[in-house]
Amino acid sequence: MLKLFFKILILAIIITVSIIYSAAHERYNANIKSVVPFPYIIKSNIPFKKEKSPILIIGDKHAKRLALFKDILAKKISRNLDDPIKIHTIFEEHLSVTRVKNIIQSYGALPIIIIYIGTSSEGYEQKFDIKDIGKIENNFKRYDNINIQSLLMILPWLSRLIYTPINYVKLNSTIVKDKQNYSKVEKLKKNILNLKLYQREIKDLFQYTKEKGSYLMALTTPINITRPVNSNCNPPLDEFANDTQKQITNLLKEDNKKLAFKKSEELTLMAPNNASVLYNHANIALKIERNNIAKKYFELASSYDCNNGDFSFIHNRILLNMGNKLNIVTFDFNELVYSSWQKNVLFESKDFPQNLYYDNLTSILAAKIRKVLRL
């Protein structure tokens, strides 16, 4: 009887070990080796040319715009020098920090100074499968455990067992717009996860350039806050809020702007995350010259715009906070533009500020760069 018991026990152990091995083997093969569990694989990035220049400007359409002023910047930096300093540029319309990080990490010997501007397209291309959001967040929770981080730094192949397998999105050299039809709830979840990814990617970029001895200057992206909002991720207004909205409309028709402002302020308390409500309140504030309040609510409306997942003020705040945390030089270009709020026309198009702000920016950058290069 005892022999039979031991035979059954041994058989049970063999079966259990086999099941565990089979599950581990399946998990290992379904995963990739990656210390940080990013949900994408960059198969090939956009083609870019390397140049032996001490300064690199890199980013999206805003980097392209700044590149138009590179000769002016070079001239200001090279004051009293026989030969002007060369500035190289790498830009693409919708180049996200995901791809910028990959380009910098594959660059080789980095330029002395890197000027980075370009967080206007963070949600433009698909970087993860919407169905995997829960798994992706759980993988990052595991990564945030300091013991697991330390283990993976020593044995990175263990990531294939530690992380839950997901459907990795493959990014090729062509940047393709994400055209999937997401529900409002999915859009909100997508935007939130994109922000979390941006925070981790910008940290990686900052740390890598610092480790390689390159001096990074990261600029915030100017946002045209008066552009109308596109969509709300939140539920429709309730009956009481709708009645208040009608009252506001009637008061504006009667030219009773002050009472309309008061009612609109009440409505923002009823629907604090509704982009349209916030945007309308900002416009009413402008009508009665409450300019600072208008600016605040335009910014909030932009941040809660569900179809504005590519970029928001939160990205700028993340960039500035991470720069401060890691001792990376950041400059708030957006704040420079809005220092003239309601005193000047800020934007010449829906995306780009007037040239005078770029001229001011080149003077500020030139002063910082001359100091770094001890010119």
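Right above here is the structure, for reference.
These numbers were taken from a predicted model, which means no experiment stands behind them.

S.K.: Even after reading the chapter, I still don't get a nonpolar patch on the surface, so can you show me in this structure?
M.R.: On the surface, a cluster of nonpolar side chains totalling about 580 Å² of accessible area is made up of Leu151, Met153, Ile154, Leu155, Trp157 and Leu161. Looking at which element gives the most residues to the nonpolar patch, the answer is helix 6 (residues 146-154), with three residues. Along the polypeptide, Leu155 turns up in the loop between helix 6 and helix 7 (159-162).

S.K.: It is not clear to me how helix 10 (residues 257-270) should be interpreted in this structure. Could you clarify?
M.R.: The periodicity of an α-helix, 3.6 residues per turn, causes residues three or four positions apart to be oriented the same way. Along its 14 residues, helix 10 runs 20 Å from first to last C-alpha, staying within 8% of the 20 Å computed at 1.5 Å per residue. The set of residues buried in helix 10 consists of Ala260, Phe261, Ser264, Leu267 and Thr268. End-on view of helix 10: buried residues confined to an arc of 120°, all on one side of the axis. Exposed residues lying more than 90 degrees from the buried face of helix 10 are Lys258 and Leu269. Summarising the contacts, the buried residues of helix 10 are in contact with helix 9 (239-253), helix 11 (275-287) and helix 12 (291-304).

S.K.: Looking at this structure, I do not really get the packing of aromatic side chains. What am I missing?
M.R.: The description of an aromatic ring pair rests on the distance of the ring centres and on the angle between the ring planes. Under the definition given, this model contains nine aromatic pairs. Between Phe38 and Tyr40 the ring centres are 5.5 Å apart and the planes differ by 20°, which places this aromatic pair in the stacked class. Its relative accessible area of 8% is what places Tyr40 among the buried residues. Aromatic pair Phe69 and Tyr358: ring centres 5.1 Å apart, planes at 5°, arrangement stacked. Within this pair, whereas Phe69 is found in the loop between helix 2 (61-67) and helix 3 (70-77), its partner Tyr358 is found in helix 15 (residues 355-373), the two being separated by 289 residues in sequence. Of the two residues, Phe69 and Tyr358, both sit in the buried class. Here the aromatic cluster, defined as three or more aromatic residues joined through ring pairs, consists of Tyr279, Phe298, Tyr338, Trp341 and Phe347. One residue, Lys50, lies across the ring of Tyr107, its end atom 5.7 Å from the ring centre.

S.K.: Can you help me understand the packing of helix 9 against helix 10 in this one?
M.R.: To characterise two packed helices, one gives the angle between the axes of the helices and the distance between these axes. In contact at an axis separation of 9 Å, helix 9 and helix 10 are set at 160° when each is read in the N-to-C sense. Relative to helix 10, the element helix 9 lies roughly antiparallel. The crossing of helix 9 and helix 10 is left-handed. Between helix 9 and helix 10, the residues in contact are Phe240, Ala241, Thr244, Gln245, Gln247, Ile248, Leu251 and Leu252 and Leu259, Ala260, Lys263, Ser264, Leu267 and Met270, respectively. Of the residues that constitute the contact of helix 9 with helix 10, the class distribution is nine nonpolar, four polar and one charged.

S.K.: What is the right way to read unusual backbone geometry from this model?
M.R.: Keep in mind that most residues, glycine aside, have a negative phi and that most peptide bonds are trans. Despite not being glycine, Asp255 shows a phi value in the positive range, around 65°. Within the secondary structure, Asp255 sits in the loop between helix 9 and helix 10. In this structure Asp255 comes out as exposed when scored by relative accessible area, which is 53%.

S.K.: Looking at this model, I keep getting lost on the pattern of salt bridges. Mind explaining?
M.R.: Close approach of charged atoms allows side chains with opposite charge to pair. One pass over the structure, following the stated rule, counts 15 salt bridges. Where Arg227 meets Asp351, a salt bridge forms, and the shortest distance between an N and an O atom there is 3.1 Å. Placement of Arg227 in the loop between strand 6 (215-219) and helix 9 and of Asp351 in the loop between helix 14 (333-338) and helix 15 is noted, with a sequence separation of 124 residues between them. The exposure class of Arg227 is partly exposed, given its relative accessible area of 39%. Salt-bridge contacts for Lys263 lead to Glu266; the nearest nitrogen and oxygen are separated by 3.9 Å. Here the residue Lys263 and the residue Glu266 both occupy positions in helix 10, the gap between them amounting to three residues, near one helical turn. Among the residues examined, Lys263 registers a relative accessible area of 24% and is labelled partly exposed. By relative accessible area, which is 32% here, Glu266 ends up partly exposed. Through salt bridges with shared partners, a single ionic network connects Lys61, Arg227, Lys350 and Asp351.

S.K.: What's the story with the layout of surface pockets in this structure? I'm lost.
M.R.: The gaps of empty space that remain are located by a probe, the size of a water molecule, rolled over the atoms. The space that makes up the largest pocket amounts to roughly 870 Å³. Broken down by secondary-structure element, the contributors of at least two residues to the lining of the largest pocket are strand 1 (40-42), helix 4 (97-105), helix 6, helix 8 (184-211) and helix 13 (313-326). When residues in the lining of the largest pocket are grouped by element, the largest group, eight residues, is from helix 8. Counted by class, the lining of the largest pocket contains 11 nonpolar, eight polar and eight charged residues.

S.K.: It is not clear to me how the sheet that holds strand 2 (residues 55-59) should be interpreted in this structure. Could you clarify?
M.R.: Spatial strand order, 3-2-4-6-7: five strands in an open sheet with parallel pairing. Each edge of the open sheet is held by one strand with a lone partner, namely strand 3 (87-91) and strand 7 (329-331). Going across the sheet, the axis of each strand differs from the next one's by a mean of 20°, ignoring polarity. In terms of strand pairing, strand 4 (residues 113-117) meets strand 6 through four bridges, oriented parallel. Each residue of the ladder has a partner; that of Ile114, found in strand 6, is Leu216. Where helix 4 meets the sheet, its contacts fall on strand 2, strand 3 and strand 4, and the angle it forms with strand 2 comes to roughly 150°. Against the sheet, helix 15 makes contact with strand 2, strand 4, strand 6 and strand 7, and its axis sits at roughly 165° relative to strand 6, the strand it touches most.

Each value, and the rule that gives it
Residues numbered from 1 in each chain as written. Predicted model: local features only at pLDDT ≥ 70, side-chain atom pairs only at ≥ 80, totals over all residues. Heavy atoms only, no water. Patch = residues over 30% accessible without salt bridge, like charges linked within 9 Å, V, L, I, M, F, W, Y side chains within 5 Å. Areas by Shrake-Rupley, 256 points an atom, 1.4 Å probe, with all protein chains shown as cover. Salt bridge = Lys/Arg side-chain N within 4 Å of Asp/Glu carboxyl O. Helix = DSSP H or I, 4+ residues; strand = E, 2+ residues; numbered from the N terminus. Expected span 1.5 Å × (residues − 1). Buried < 20%, exposed > 50% of the residue type's maximum accessible area, 1.4 Å probe, protein only. Arc of directions from axis to C-beta. Contact = heavy atoms within 4.5 Å. Phe/Tyr/Trp six-rings, centres within 6.5 Å; stacked < 30°, edge-to-face > 60°. Lys NZ or Arg CZ within 6 Å of the ring centre and 35° of its normal. Axes fitted to C-alpha atoms, helices over the stretch in contact; angles between N-to-C directions. Parallel < 35°, antiparallel > 145°, perpendicular 65-115°, else oblique. Left-handed = near helix turned anticlockwise from the far one by under 90°. Nonpolar A, V, L, I, M, F, W, Y, C, P; charged D, E, K, R; others polar. 1 Å grid on protein atoms, 1.4 Å probe; cavity = no way out; pocket = protein on both sides within 12 Å on 5 of 7 lines; lining within 4 Å. Points joined across faces, edges and corners; volume = space filled by probe spheres on them. Pairing = 2+ DSSP bridges.

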